[in-house]
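Listed below, chain by chain, are the residues.
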Amino acid sequence: MEPVRVERLDHLGLLAAVIKDLGLIDMIDRRLVPDEQERITPGEAVAGMILNGLGFANRPVSLTPQFFANKPLDLLFRQGIDAEMFNRFKLGRTLDEASAYGCDLLFQELALAICAQEGIDLRFNHLDTTSFSLTGAYVPESDEHAIRITHGYSKDHRPDLKQAVLELIVSQDGGVPLVSKSWDGNTSDTQVFQQRAEALMRAFKDTPTPRYRVADAKLYCEDNAVHLAKLGFITRIPATLKLVSQVIGQALLWDTWQTFDDHTRYQPLALCHYGMAQRWLVVYSQAAFERAEATLKKAKQREDAAIKKQLLHLQAQRFCTPEAAQDALAALAKRWKYHCIASSHLTERKRYAGKGRPTPSTPLKAVAWQIQVHVRADDETIEQAKQAQACYILGTNIDPSELRDTEVITAYKGQSHVEGGFRFLKDPLFFVSSLFVKKPNRIEGLLMVMTLALLVYSVAQRRLRAQLARHQETVPNQINQPTASPTLRWVFQLLEGIHRVHITLQGQVHELIEGLNDVQIKILRLFGNEVCCLYQISTG
């Protein structure tokens, strides 16, 4: 036996404690019944994959045993577990079992149980989809329920690769995923949204409190109108609709803005569109105005450079008549968006018969005209474009007595939670690179496990921020400034350098946790007694 043995603990003890507190392993084992001959249960296998993914060690699932090689598995799981038990055969069988049970059903049951346990507000459900690009050949499944790995519209900008599509619904409260569903690689957003609308209508029918669906502009189209009319929805109205620019222009003329906060104001408007009575909110954002200002400045500079080249050629030309010169200038100016003609001057160019300097008696052969042009920036048009681009429209069919205008805007701003979830899942350090498995049903299972990892992450982050707010505490951010809303990813980095040390003296083994500093102890105490016990610190 080694006299001294060191194992890395870092933030994994915190995650393991959260997984145990949620009862995630037991819930999975009640659904994917363990085999008596297996040394680890399906729930423990899934927990192992979650810890591997949230370890941000950039190791695919097949290398989970390597990831756990120097970790204190008796603390993270239970006595008697070693790293080799998390081999690719066991993990593969677990993904098969999840697929046989139904990955979407399994995730939804786990998520709803955890949300009820955590008291998460489910009023607003944020919906979006993304695609995961995959390399290699994929064997078609005989199972008709398995997803098809195929080419489709790639949100990863890799149309050369096959893909799978993932649908995600998260809560506004903490960005906790509620629904995760895998789709064929060529499934369109419209198809996803239509089927989800039907499922939500059935689910919302029995809920005691109102539930609303929030999504980006892809949700709002004429094909979805029938389904949208039956649900309470909040969505951004696509800017490609001609009516949108008309409504924004009218709102800018009316100038009857109401204040949402220091940087946002809005105007409500009642109308009927796609056969639905709706409330549209024209929202003006100072941040969007600043973005529009920067965008238009670059566009104006590009157009200015292009106009200089155009005028260089135009002013070198000779025209038969003044009208032809003016028409050529007008044809150019018609294409300018951010510039207009300041002045123009026509110069007569006479051509005489014969060679040499003409005399008063030399006959006139032809008269041509050259044009000189001065251009200026069209400040009025640019300002109007800035104002228009600073606005967007939110649409909803929810009655104002049920949901105020300000609540609609707040709900839509929560859409960033689902987009943040996709960024999390696609982080290069997360185990999205694990999608190397060749069976579509296992890819479906792995996507479900990845979303479970996001669920654990979101719940832990929500707990941390709630405790910081409750105790009016802060932790240092990346530039050592206090913050009351740190990301859990940053907290993981703060918890680096914690180890469990085994020391053998005179045949007796002593265990201690080393590497803890004051900031780490402060963070760990916010997670309660179980975490404090695991890291061998007092509850404070």
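Cut-offs used in this document
Every residue gets a number counted from 1 within its own chain, in the order that chain's sequence is written. Thresholds applied to this predicted model are a pLDDT of at least 70 for local features of residues and 80 or more for the giving and counting of side-chain atom pairs; totals over whole chains, interfaces and linings are not thresholded and use all residues. As a convention, hydrogens and water are excluded, and side-chain values are obtained from all of the structure's heavy atoms. Under the DSSP-based scheme used, a helix requires at least four consecutive residues in state H or I and a strand at least two consecutive residues in state E, with every element numbered from the N terminus. Whether a residue is buried, partly exposed or exposed follows from its accessible area with a 1.4 Å probe, protein chains only, as a fraction of its type maximum: under 20%, in between, or over 50%, in that order. The contact rule is simple, with two residues in contact once any of their heavy atoms fall within 4.5 Å. A strand pair is defined by DSSP finding two or more bridges across the two strands. Two N or O atoms count as a polar contact when they lie within 3.5 Å, although within protein this holds only if one can serve as hydrogen donor and the other as acceptor, and sequence-adjacent residues are included solely when both atoms are side-chain atoms. Nonpolar core, defined: a set of buried Ala, Val, Leu, Ile, Met, Phe, Trp, Tyr and Cys residues in which side-chain atoms within 4.5 Å join the residues together. Interaxial angle, 0 to 180 degrees, is taken between N-to-C directions of lines fitted to C-alpha atoms, where a helix line uses only the stretch in contact. Note on ring pairs: Phe, Tyr and Trp rings are taken, using the six-membered ring of Trp, and paired if centres are within 6.5 Å. Classes follow the plane angle, with under 30 degrees stacked, over 60 edge-to-face and the rest tilted. By definition here, charges over rings are those cases where NZ of Lys or CZ of Arg is within 6 Å of the ring centre and within 35 degrees of the ring normal. Throughout this description, any angle smaller than 35 degrees is read as roughly parallel, any larger than 145 degrees as roughly antiparallel, any in the 65 to 115 degree range as roughly perpendicular, and the remainder as oblique. Crossing chirality is assigned from the near helix's rotation relative to the far helix, an anticlockwise turn below a right angle marking it left-handed and a clockwise turn marking it right-handed. Gly is put with the polar residues, along with every residue not named as nonpolar or charged; the nonpolar set is Ala, Val, Leu, Ile, Met, Phe, Trp, Tyr, Cys and Pro, and the charged set is Asp, Glu, Lys and Arg. Note: the arc covers the axis-to-C-beta directions of the helix. Counted as salt bridges are all cases of a side-chain nitrogen of Lys or Arg within 4 Å of a carboxyl oxygen of Asp or Glu.

Enquirer: Just to check I follow, could you spell out the overall build of the chain for this structure?
Expert: The secondary structure content of the chain amounts to 19 helices and 16 strands. Burial status across the chain gives 48% buried among its 540 residues. Of the contacts formed within the chain by residues at least 6 apart in sequence, a portion of 69% connects residues at least 24 apart.

Enquirer: Explain the pairing of strand S3 (residues 162–171) to me, please; I cannot follow it from the model alone.
Expert: Most of S3 sits out of view: nine of its 10 residues are buried. In textbook terms, the turn of a hairpin is the stretch between consecutive antiparallel strands, and for S3 and strand S4 (residues 177–183) this stretch comprises five residues, one of which, Gly-174, has a positive phi near 90°.

Enquirer: Help me out: how do you make sense of the side chain of Arg-500 in this one?
Expert: The residue Arg-500 is located in strand S15 (residues 499–505) in this model. Using a relative accessible area of 2% as the deciding quantity, one classes Arg-500 as buried. Within polar-contact distance, the side chain of Arg-500 engages the side chain of His-502 at 3.1 Å. Apart from the residues within four sequence positions on either side, Arg-500 is in contact with Arg-5, Val-6, Glu-7, Pro-72, Asp-74, Leu-75, Glu-511, Leu-512 and Ile-513.

Enquirer: Sorry, what's going on with the nonpolar core here?
Expert: Within soluble globular proteins, side chains that are nonpolar tend to cluster in buried spots. Ranked by size, the top nonpolar core spans 116 residues in total, and within it Leu-24, Ile-50 and Leu-452 carry the most contacts. Among the elements that make up this core, the one with the highest residue count is helix H16 (residues 440–471) (16 residues). Residues in contact with Ile-50, not counting those within four places in the same chain, are Ile-19, Leu-24, Val-449, Leu-452, Ala-453 and Val-456. Val-283, Tyr-392, Ile-409 and Ala-411 belong to the second largest nonpolar core, which has 15 residues in total.

Enquirer: Explain the environment of Tyr-392 to me, please; I cannot follow it from the model alone.
Expert: With respect to the element layout, Tyr-392 can be found in strand S12 (residues 391–396). In sequence terms Tyr-392 and Ser-245 are 147 residues apart; their C-alpha atoms lie 9.2 Å from each other. Residues contacting Tyr-392, with those up to four places away along its chain left out, are Arg-236, Leu-281, Val-282, Val-283 and Ser-285.

Enquirer: Can you walk me through the sheet that holds strand S1 (residues 4–8) in this structure?
Expert: The pairing of strands in a sheet happens through backbone hydrogen bonds and is either parallel or antiparallel. Taking strand neighbours across the sheet as the criterion, the three strands line up as S1-S15-S16 in an open arrangement whose pairing is antiparallel. Every interior strand has two partners, whereas the edge strands, S1 and strand S16 (508–514), have only one. Geometrically, the sheet is characterised by an average inter-axis angle of 20° between neighbouring strands, direction not taken into account.

Enquirer: Sorry, what's going on with unusual backbone geometry here?
Expert: Across the chain, the bulk of peptide bonds are trans and the bulk of non-glycine residues have phi less than zero. Unlike most non-glycine residues, Asp-255 shows phi in positive territory, near 55°. Positive phi, close to 55°, is recorded for Tyr-274, a residue that is not glycine. With respect to the secondary-structure elements, Tyr-274 resides in the loop between strand S8 (264–273) and strand S9 (276–285).

Enquirer: Even after reading the chapter, I still don't get the packing of aromatic side chains, so can you show me in this structure?
Expert: The way to describe two aromatic rings as a pair is by their centre distance and the angle between their planes. For the coordinates displayed, the defined rule picks out 11 aromatic pairs. Ring centres 5.1 Å apart and planes at 40° place the aromatic pair Phe-77 and Phe-86 in the tilted group. Assessed through its relative accessible area of 0%, Phe-86 is described here as buried. Taken together, the ring pairs connect Phe-67, Phe-68, Phe-77 and Phe-86 into an aromatic cluster. The lysine or arginine in question, Lys-71, covers the ring of Phe-67, its NZ or CZ lying 4.4 Å from the ring centre.

Enquirer: Looking at this structure, I do not really get the packing of helix H2 (residues 24–31) against helix H3 (residues 42–54). What am I missing?
Expert: When two helices pack together, their arrangement is given by the angle between the helix axes and by the axis-to-axis distance. Contact pair H2 / H3: the axes reach a minimum separation of 7 Å and the direction vectors enclose 135°. By the angle class used here, H2 and H3 are oblique. The handedness of the crossing between H2 and H3 comes out as right-handed. Two secondary-structure elements touch here, H2 through Leu-24, Ile-25, Ile-28 and Asp-29 and H3 through Pro-42, Gly-43, Glu-44, Val-46, Ala-47 and Ile-50. Per-class residue counts for the contact of H2 with H3 are seven nonpolar, one polar and two charged.

Enquirer: For this particular structure, what's the right way to read helix H18 (residues 518–525)?
Expert: Owing to its 3.6 residues per turn, the α-helix brings residues three or four apart onto one side. Inspection of H18 places Gln-520, Ile-523 and Leu-524 among the buried residues, and these make up the whole buried set. Seen end-on, H18 carries its buried residues on one side only, within an arc spanning 95°. At its buried positions, H18 is contacted by helix H1 (12–22), strand S13 (475–476), helix H17 (488–494) and helix H19 (529–534). For H18, the N-terminal cap is Asn-517; the gap from its side-chain oxygen to the backbone nitrogen of Val-519 is 3.2 Å.

Enquirer: For this particular structure, what's the right way to read the pattern of salt bridges?
Expert: Opposite charge on two side chains allows them to pair when their charged atoms are near. Under the definition given, this model contains 20 salt bridges. Across the salt bridge formed by Arg-93 and Glu-38, the nearest N and O atoms sit 3.4 Å from each other. In this pair, Arg-93 sits in helix H6 (residues 88–101) while Glu-38 sits in the loop between H2 and H3, placing the two residues 55 residues apart along the sequence. Close ionic contact of Glu-118 with Arg-463 constitutes a salt bridge, the shortest N to O distance being 2.7 Å. Taken together, the residues span a long stretch of sequence, with Glu-118 in helix H7 (residues 103–118) and Arg-463 in helix H16 at a distance of 345 residues.

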